Amino acid sequence: MSQMRLGVFGGMFDPVHHGHLRPALEVAEQARLDHVRLLPCAIPPHRDIPSATAEQRRDMLELAVADYDMFSVDSQELERSGTSYTIDTLESLRAELPEAMLVLMLGEDAFAGLHRWHRWQEIFSLAQVVIMRRPGGTEEFDAAIDQELSARRCPIADLPGKDRGAIAMAEVTPLQISSTLIRHVVGRGEDPGFLVPEPVARYLREKRIY
């Protein structure tokens, strides 16, 4: 039996939108993943406290991917006390699925700040990493991050045959959508349709979160 390949994609998702979901789907296809878990963050170490509650962000994620078997929502970070650290989540998933290949999916900006993450170098002992890069991306990396990238990089097509610690770049569709934009749109009383999945748009209209 082949080894399960599980994508791990965390974030604030405040709210989730197509700019999160389309790149995640493209990475799943390029890296030949079996499944992707979306993990809403509880207390972020490097971000402001989210506007929506943990339950609201989880509910919106579940609405967004309800029709996609490729995706599921994992709320373990919301259920843990304290700050949400990616290393803790990867260790939990490794304990749950010891035989699986974990594939951590990061935006290029997140990868550029990886050297500031808690126990960041241990991530490579637990998972592969895919950097979601928009065409023409020009993000510059810290020397320590650049060194890891140079030593571990491989083509995205070769990632399924690599061990933990491999890093691949995935070119993704450049959707200029942000959660900040959507919060402003909703806050002005405007319709968030076509920026987010329609079930999420209905939820935002009904709940008036922002």
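First, a word on what this report is: a plain description of the structure on this page. Note that the structure is predicted; figures quoted are calculated from it, not measured. (Residues numbered from 1 in each chain as written. Predicted model: local features only at pLDDT ≥ 70, side-chain atom pairs only at ≥ 80, totals over all residues. Heavy atoms only, no water.)

Let us now look at helix α4 (residues 86–96). In an α-helix there are 3.6 residues to a turn, and that puts residues three or four apart on one side. Every buried residue belonging to α4 is among Ile87, Thr89, Leu90, Leu93 and Arg94, and all of these are buried. Projected down its long axis, α4 shows its buried positions confined to an angular sector of 160 degrees, all on one face. Those residues of α4 that are buried are in contact with β1 (5–11), β2 (35–40), α3 (76–79) and β4 (101–107). (Buried < 20%, exposed > 50% of the residue type's maximum accessible area, 1.4 Å probe, protein only. Helix = DSSP H or I, 4+ residues; strand = E, 2+ residues; numbered from the N terminus. Arc of directions from axis to C-beta. Contact = heavy atoms within 4.5 Å.)

Moving on to the pairing of β2. By the criterion of burial, β2 is predominantly enclosed, with six of the six residues buried. On β2, burial covers both faces: His35, Arg37 and Leu39 on one face and Val36, Leu38 and Pro40 on the other are all buried. Here six bridges tie β1 to β2, and the two strands are oriented parallel to one another. Among the inter-strand pairings, glycine 7 is bridged to a residue of β2, identified as valine 36. Remark: the β1/helix α1 (residues 18–30)/β2 crossover connection has right-handed handedness. Of the pairings in the sheet, the one linking β2 to strand β3 (residues 71–73) comprises three bridges and is parallel in character. Following the sheet pairing, valine 36 is matched in β3 by phenylalanine 71. (Pairing = 2+ DSSP bridges. Right-handed = clockwise from strand over helix to strand, strands pointing away.)

Here we take up α1. The end-to-end C-alpha separation of α1 is 18 Å, in line with the 18 Å expected for 13 residues at 1.5 Å each. Three or more residues of α1 are buried, namely Gly19, His20, Leu21, Pro23, Ala24, Leu25, Glu26, Val27 and Ala28. (Expected span 1.5 Å × (residues − 1).)

By secondary structure assignment, the location of alanine 95 is in helix α4. A relative accessible area of 64% means that alanine 95 is categorised as exposed. In this structure the C-alpha to C-alpha distance between alanine 95 and histidine 35, which are 60 residues apart in sequence, comes to 17 Å.

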